[in-house]
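Commentary on secondary and tertiary structure
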Amino acid sequence: MYITIGDILQAGVIPDMQTLTAPPHFAALPVEHTSIQGIYELPIRSFIREHELVFSSSVGADNEAPRYIQLIDEVHDGKGSAIILTFQTPDYRPPEEVMNHARKLGIPLFLIPWERRLFETQMDIINLMSNIKMRVINELQNALFNLSFESQGLEAAAKKISQALQLSVCITDLSGSPLAQSSESEDLTTETAAQKAQILLNDRPVGWLLLGRSDHREDPISDPDIISRFVCFPLSLWFYRKNIEDLTIAQLKNDFVWKLANASPSSFEEMTYQGHQLGFDLSVPYTCLLLEIRHQGEASNSLRHINHLASRQSDVQNTLTEIGKQLHLKIMFSSHGTQYIIYLEHRPSAQCSVDSFLDLAEQSLSALVPCSSLYWGVSESPQDFTDFTTLYQHAVLALSYSQHSQNQHYRFTYQDTKQAQITVLLSQDPVLKADARDIMERLTAYSDPSGMDLFGTLVTYIRCNYNTSLTARNLYIHRQSLLYRLGKIEELTGMSLKEHKDLFLLEIYSHIYIGY
């Protein structure tokens, strides 16, 4: 974006300027810079910039002709646009040889009166350049507003920006993925762009405007505040509209999954059709996961916690979606307050998939929502893949046990709830409860210089289905170290880990002692 000699003449900023030489199409010559060069300061070739308008003055005498020829040569070599002369001698005109040389090289010559200060004239042209640039910017802003109000796509906006700024343009999302670009000939990225500006929506970054390199020496607009206020601000309207569309679709999905979990549909075929319209596939079986996020040391229903979680809701949902994609599992979810209903695709190795999902979710969500505890309720594997309500109800039951767990075991499956119900009944027997405490406290009270946790070892051994290799891996110890610990457990409890009846009692005692 630049002004031309024609713009200067048409604007009339120098009303008393005379044209001495006018090469063909000289009015279209661009002007990007101005400078004042003394005729007695030659050579100046290294100081002339491309598309520069050069001012020069002298006394005005025929013996200065060689100097002006040299000035014309150096402006031509530096790819300058034109020369504006002023002479102290009234009515002086350059010799014809100077004029002919300028015509030959295509350099326009202009003459202004000696009384007109060169610095003031230069500032008039600089102000004209600034005004024309701002006029183009204002026109661009209005054009972008109109395109947005007409519901035109981002491609139209990118094309309009490119035309106005005479640059290649790319508009991306926050990650740098292209959303629209003016030309496919230049692959702009956040690393290769000559200039980039962040697009904000309610002071929140939502995308990038990337500008390519100018065909001229300098970028047409170097002030990032101008780009931000006059270009990025109207572009935010497209992101606002997209945000509204995304929120609407997200609410429809949220309501659909909530209805799926809480109300038996009158027609599963109808729900399948509705789900398909929202991008859900109800033809595959799902396991239901119920998640509650609680702030540590604060009531889960506190207003501050709920508001904070609401502000991160889209981030939580995006995280769960990405984990599903990472595991190549279809996923549907609905959020209500601090709870999330999640339907995760069931595969033949379902528990492995569920455990992997829970591990990744806890890792990501703990970083996303710090100082929070994650409580999980997991339904059984689906017997009837159309019965989403029963799966949800079983996940609710599992979650209730998870929420009231007296240890750090915040994952409960529906199968765990059955065990928990049996454990609750058994723990009501005072003799059995005393026996469990006596046996288990032999392990918790054991002191060893290495700090080994015998009770934790027993619990892990039980949860790994008495598999020594898996237990050793989960405890991050050598298998021989594990065998030593198991031997110590047998010694302290007086029970054999090779006898089924003893294993059964140890498992019951551990459940009672933990206090499910």
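Computed from a predicted model, the values in this text were never measured in an experiment. Within any chain, residue numbers begin from 1 and follow the written order of that chain's sequence. Side-chain atom pairs in this predicted model are given and counted only at pLDDT of 80 or more, local residue features only at pLDDT of at least 70, and totals for whole chains, interfaces and linings cover all residues. Computation of side-chain values covers all heavy atoms of the structure but excludes hydrogens and water.

Considerations on the sheet that holds strand 14 (residues 339-345)
The condition is simple: For two strands to be treated as a pair, DSSP must find at least two bridges joining them. To qualify as a helix, a DSSP run of H or I must reach at least 4 residues; to qualify as a strand, a run of E must reach at least 2; elements of each kind are numbered from the N terminus. Every axis corresponds to a line fitted to the C-alpha atoms, with the helix fit spanning only the stretch in contact, and the corresponding angles, defined between N-to-C directions, vary from 0 to 180 degrees. Here, residues are in contact when the closest pair of their heavy atoms is within 4.5 Å.
Across the sheet, which stays open at both edges, the 5 strands sit in the order 13-14-12-15-16 with mixed pairing between neighbours. Sheet topology places strand 13 (331-336) and strand 16 (411-413) at the edges, where each strand pairs with a single neighbour. Direction aside, neighbouring strands of the sheet carry axes that sit 15° apart on average. In this sheet, strand 14 lies alongside strand 13 in antiparallel orientation, the contact comprising 6 bridges. Across the sheet, the residue bridging to S334 is I341, located in strand 14. Strands in contact with helix 9 (residues 313-326) are strand 13 and strand 14; relative to strand 13, the strand with the most contacts, it is inclined by about 160°.

Re empty space enclosed by the protein
Which entries qualify depends on this criterion: Within this scheme a cavity is a closed region of a 1 Å grid, computed over the protein atoms alone, that accommodates a 1.4 Å probe without allowing it to escape, whereas a pocket is open but has protein on both sides within 12 Å along at least five of seven lines; lining residues each have an atom within 4 Å of a point. Grid points are joined across faces, edges and corners, and a volume is the space filled by probe spheres set on the points. Polar here means any residue outside two lists: the nonpolar Ala, Val, Leu, Ile, Met, Phe, Trp, Tyr, Cys and Pro, and the charged Asp, Glu, Lys and Arg; Gly therefore counts as polar.
As enumerated under the stated definition, the model contains 1 cavity of 30 Å³ or more in all. Considered as a void within the structure, the largest cavity measures approximately 40 Å³ in volume. Considering every element that reaches the lining of the largest cavity, the biggest residue donor is helix 1 (residues 5-11), with 3 residues. When grouped by side-chain class, the residues that make up the lining of the largest cavity number 7 nonpolar, no polar and no charged.

Considering the confidence of the model for the protein
Applicable threshold: Confidence scores per residue from the predictor, reported as pLDDT, run from 0 to 100.
Taken residue by residue, the protein gives an average pLDDT of 85. The fraction at 70 or more is 91%. Per-element confidence in the protein is highest for strand 14, whose mean pLDDT is 94, and lowest for helix 12 (residues 414-427), whose mean pLDDT is 70.

Details of the environment of I342
Within the fold, I342 resides in strand 14. Put simply, I342 and A395 are 53 residues apart on the chain and 9.9 Å apart in space, counted from C-alpha to C-alpha. In contact with I342, not counting residues within four places along its chain, are T287, C288, L289, L291, L320, I331, M332, F333, F357 and W376.

A word on unusual backbone geometry
Cut-off, in case you're wondering: Only protein chains enter the accessibility calculation, which uses a 1.4 Å probe. A residue is then buried if its area is under 20% of the maximum for its type, exposed if over 50%, and partly exposed in between.
A positive phi angle is found at H51, which is not glycine, with a value near 65°. Within the secondary structure, H51 is located in the loop between strand 4 (33-36) and strand 5 (52-58). Assessed through its relative accessible area of 12%, H51 is described here as buried. Phi is positive for Y476, close to 55°, though the residue is something other than glycine.

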